[in-house]
Structure formats: structure tokens, C-alpha cells
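# Structural description and commentary
One-letter residues, chain by chain:
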Amino acid sequence: MPPSSETLTAERILEATEEVLRRHGPAKATVVDVARALGVSHGSVYRHFRTKAALREAVTKRWLDRTSQRLAGIVAEDRDPAQRLRDWLAALFAAKRHKAGDDPELFATYTVLVDELGDVVREHIADLTGQLTGIIAAGAGSGTFQVSDPALAARAVFQATGRFHDPCYARDWVLPGIEEEFTAVVDLLVRGLSAP
């Protein structure tokens, strides 16, 4: 049974929007399509999201936040910073590979939307590098890492591992040997952070 406009929530709209984007792609998906999928008027959708752009921004942010939330648990753990860094980078790589491989239509759609929504992407990258900063700062505090500026080091680590999380490299993520390359890069970065 379709939700009435009184029980319609922003979350339900975002779920339906993902499905519509998956089916139609970003160029053809409309607010009317989302409303139709929910069995409500497009005005009901606009009561939650004032414009199509606001809806697209919210659904993209929600998609990116899923990765950030998953990684935040690793940051919060109280254990060896070097291993946490390795686990965080591996989890980021796994999350991106999962999104690209398990739902290629939606991944392609979000790649288009991300290009349109620079502020959302910048916020996501700032969140991720902030998480990395937390791990590296903990390592610097314990003496595991020898860095004077954890934020700068975090940005460098993020950039150095871009091949394993930047969507423009998604085709590489299924190549033979990619796991070994990932491990080699992470080993090199951890050694560099740990060097006196």
C-alpha cells in the first residue's frame, strides 16, 4: 500500500529516489517518477525536498555517508593505530569496490551526480580525511607514527591511495593483482609514517 502524504518521510523518498535512479539514470529520472513510485503526488515529494536539485543532493549525500559511517567505527576503536590505518584503508577500498561491482547501474548514476554536486563531494572527502587525521593523530600521540602534522599526513595518505577509492579508477578494481598493489601501497605508507 503506498504511503499517504502524512506518513511519507524523507527517508522513504530517498529510498524510492535510489530505485528510480537505478531504473532510469540521472538524465531521465524525475520527481514525478519518484512520486509515482511512492504512490503520492509530486507535491508531496516537494514538501520534503524543495527542488529536484535538493533531492539529488540529499540522495547523493546519503549514498556517500553510508561509507563514512562504516569507516567511523574503525576510527573509534582503541587499538594499534597502524593496524587501524590499514583496516580503514582496506574498508574504504572494499566499500567502493562493493558499490561499483554489486550495483553498477547505481554506481554509474552516482558518478554522474557526484560530478554535479561538488560541495557534497568536498564534504565527504573532508569527512574521510578527518577520520584519517584521527587515526594518524592517535598514532603520533602513541609514538607509532612520526608525523608533526597529522592533518597534512592524512591528506597525503588519502591522495596516495586514490587509485583504490576514487571512482575514476573503478575499472582497475577488478584487475588481477590489484589486491597486491593495494597492500604494497599501504605497506609503504605505514612505513613512511612510522619512520623516525
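Report follows, based on the coordinates.

The rules we used
Residues numbered from 1 in each chain as written. Predicted model: local features only at pLDDT ≥ 70, side-chain atom pairs only at ≥ 80, totals over all residues. Heavy atoms only, no water. Buried < 20%, exposed > 50% of the residue type's maximum accessible area, 1.4 Å probe, protein only. Helix = DSSP H or I, 4+ residues; strand = E, 2+ residues; numbered from the N terminus. Contact = heavy atoms within 4.5 Å. 1 Å grid on protein atoms, 1.4 Å probe; cavity = no way out; pocket = protein on both sides within 12 Å on 5 of 7 lines; lining within 4 Å. Points joined across faces, edges and corners; volume = space filled by probe spheres on them. Nonpolar A, V, L, I, M, F, W, Y, C, P; charged D, E, K, R; others polar.

When we look at burial in helix α2 (residues 31–38), the residues that qualify are V31, D33, V34, A35 and L38. The inward-facing, buried residues of α2 contact α1 (10–28), α3 (42–48) and α4 (52–76). Phi turns positive one or two residues past the end of α2, at G39, with a value near 75°.

On the secondary structure map, L92 appears in helix α5 (residues 81–102). Note on L92: relative accessible area 1%, which makes it buried. If we skip the residues at most four places from it in the chain, L92 touches T67, L71, L128, F158 and H165.

What follows covers the environment of A94. Note on placement: A94 falls in helix α5. Residue A94 is classed as partly exposed on the basis of its relative accessible area of 45%. Sequence spacing of A94 and R155 is 61 residues, and the spatial spacing of their C-alpha atoms is 20 Å.

The next point concerns empty space enclosed by the protein. Overall, the coordinates contain one cavity of 30 Å³ or more when judged by the stated rule. As a volume, the largest cavity reaches approximately 70 Å³. In terms of lining, the largest cavity is formed by T17, V20, L21, A29, T30, V31, V34, K52, L55 and R56. At the level of secondary structure, the elements contributing two or more residues to the lining of the largest cavity comprise α1, α2 and α4. Class assignment for the residues of the lining of the largest cavity results in six nonpolar, two polar and two charged.

These figures capture arrangement, not role.
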